[in-house]
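As a plain string of letters, each chain reads:
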Amino acid sequence: MDDEILDEQRELVRVLEAHGWDVTESELSVYESPWEDDDTPEATITLTARRQFPDSDVPEGGGEGDDDDNPYRLK
């Protein structure tokens, strides 16, 4: 596999981690495009990352309040 492609993947992971994300999964696919005539490889990188965001609206103790009027929350 081309070292340049792996370096690009590592750089994307570094950027996410620098912004406080925890990368939990990384998938790299390298292939030759069926639509192009040359043999230049293409790559697809799929990163899965998670991050917790503090919620100042959560009542003390972490429970959900009864006055939650979010129409998208299941009760």
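Residues numbered from 1 in each chain as written. Predicted model: local features only at pLDDT ≥ 70, side-chain atom pairs only at ≥ 80, totals over all residues. Heavy atoms only, no water.

Trainee: I'd like a description of a negative patch on the surface, backed by residues and values.
Mentor: On the surface, Glu32, Glu36, Asp37, Asp38, Asp39 and Glu42 cluster together into a patch of negative charge. Note on placement: Glu36 falls in the loop between β1 (22-32) and β2 (41-50). Of the residues examined, Glu36 reaches a relative accessible area of 46% and is grouped as partly exposed. (Patch = residues over 30% accessible without salt bridge, like charges linked within 9 Å, V, L, I, M, F, W, Y side chains within 5 Å. Areas by Shrake-Rupley, 256 points an atom, 1.4 Å probe, with all protein chains shown as cover. Salt bridge = Lys/Arg side-chain N within 4 Å of Asp/Glu carboxyl O. Lys, Arg positive; Asp, Glu negative; His and termini not counted. Charge placed at Lys NZ, Arg CZ, Asp CG, Glu CD. Helix = DSSP H or I, 4+ residues; strand = E, 2+ residues; numbered from the N terminus. Buried < 20%, exposed > 50% of the residue type's maximum accessible area, 1.4 Å probe, protein only.)

Trainee: For helix α1 (residues 3-18), give the residues involved together with the corresponding values.
Mentor: The end-to-end C-alpha distance of α1, which contains 16 residues, comes to 22 Å, matching closely the 22 Å that a straight helix rising 1.5 Å per residue would cover. Taken as a whole, α1 has its buried residues at Ile5, Gln9 and Val13. Take α1 and look down its axis: the buried residues cluster within an arc of 80 degrees, on one side only. In α1, the exposed residues that point more than 90 degrees away from the buried face are Asp3, Glu4 and Ala18. Turning to α1, the residues buried within the fold contact β1 and β2. (Expected span 1.5 Å × (residues − 1). Arc of directions from axis to C-beta. Contact = heavy atoms within 4.5 Å.)

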